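Observations on chain architecture
Okay, here's what each chain looks like letter by letter:
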Amino acid sequence: MLKRTLFFSNPYYLSLKNKQLVVQSKDELSTKTVPVEDIGFVVLDHPQISFSMKLIEFLNEHNVAVVFCDSKHMPSSMLLNLDSHSVQNELFRAQISASEPLKKNLWKQTIESKISNQATMLEKSGHKAFELRSYAKSVKSGDVENREGLAARIYWNRLLGNTFYRDRFGPAPNHLLNYGYILLRSAVARALSGSGLLPTLGIHHHNRYNAFALADDVMEPYRPYVDRLALHVHQEYPEELQLNKEMKAAMLNLMSIDVAINGNKRPLMVALSQTTASLSRCFNGESRKIVYPVFA
């Protein structure tokens, strides 16, 4: 079942009653309820939002990713369940002891999928992508020749023009891309936790200060879905250089976008769970192939 994403940008009091998230306005004039079992994400974007600890405990038990935004209204932290899988200890040990050849092979598959999806994104946008198709076929173990970086330069130049540069503080639509990637990263971290894996231990990313290195790895082939949505929202709000409420709400639709995976169409949130479950099988020695979506 597709889980709901709830976005709160006004002062509310959030509590739990009869396994329902209770949303109460500060003036106590209105109250709404949502079954917790229907929720996948809760995004909190107001300094005067308050909540009960019982609600947080229950959301955690149901592997709901609770995302907190900072004073600039950007997602800054997240609540994750640390006990979300029946054989978590076994999976942690398998992940920690994964061999370098296995991790390099998984990264090769990841980059092949990412570049292939970028190529399709270019083609769907009316641009040529023959170089990217060639790069996707020539990725070596561990991507030692950095096909990912070569493809990225061509991808962004063709998609948004030679003057565009991808940067956190760069020109529009960087603000939408930033927001979308943070949401995607949160979604991947939730899926990894649900599959019994540690989001911190990456197969490629390994910065000592990065608490979500594996999420950064796994999200790579999913980035074109953010790119497409961000460009669509930017076309609707071309003059907006700051994210408004409507733009954020539009970007939250990312979780319900249909993606093609394993020959079937699934909402992106469900596809992420299939990807992370396949990665768990790879670490456990049951498979050698990580399942990623095919951009279409």
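Up top you'll find the structure we're talking about.
One structure accompanies this document, and this report is about it. The model shown is predicted, which means the values in this text are computed figures rather than measured ones.

1. With respect to the overall build of the chain
Scanning the chain from terminus to terminus reveals 10 helices and 10 strands. Here the C-alpha radius of gyration of the chain, 20 Å, is about what a compact globule of 296 residues would show, namely 19 Å. Out of the 296 residues belonging to the chain, those deemed buried represent 50%. Only carbon and sulfur atoms are counted for the fraction: they give 50% of the accessible area of the chain, which is about 14700 Å². Charged side chains in the chain number 35 positive and 28 negative. The centres of these two groups are separated by 4 Å.

2. Focus on the sheet that holds strand β4 (residues 31-35)
The strand order across the open sheet formed by four strands is β4-β3-β2-β6, and the pairing between neighbours is mixed. Each of the sheet's edge strands pairs with one partner strand only, and the pair in question is β4 and β6 (50-51). Examined bridge by bridge, strand β3 (residues 20-25) and β4 share five bridges and lie antiparallel to one another. Bridge pairing in β4 links V23 to K32. Across the face of the sheet, helix α1 (residues 53-61) comes into contact with β2 (12-17), β3 and β6 while running at roughly 65° to β2.

3. Side note on the pairing of strand β10 (residues 264-267)
Pairing geometry for strand β9 (residues 258-261) and β10, over four bridges, is antiparallel. Looking at the pairing, V259 lines up with R266 of β10. Remark: two residues form the turn of the hairpin made by β9 and β10, two consecutive strands paired antiparallel; N262 in that turn has positive phi of roughly 55°.

Cut-offs applied
- Residues numbered from 1 in each chain as written.
- Predicted model: local features only at pLDDT ≥ 70, side-chain atom pairs only at ≥ 80, totals over all residues.
- Heavy atoms only, no water.
- Helix = DSSP H or I, 4+ residues; strand = E, 2+ residues; numbered from the N terminus.
- Rg over C-alpha atoms; globule rule 2.2 N^0.38 Å.
- Buried < 20%, exposed > 50% of the residue type's maximum accessible area, 1.4 Å probe, protein only.
- Areas by Shrake-Rupley, 256 points an atom, 1.4 Å probe, with all protein chains shown as cover.
- Lys, Arg positive; Asp, Glu negative; His and termini not counted.
- Charge placed at Lys NZ, Arg CZ, Asp CG, Glu CD.
- Pairing = 2+ DSSP bridges.
- Contact = heavy atoms within 4.5 Å.
- Axes fitted to C-alpha atoms, helices over the stretch in contact; angles between N-to-C directions.

Distances and angles like these do not, on their own, reveal function.
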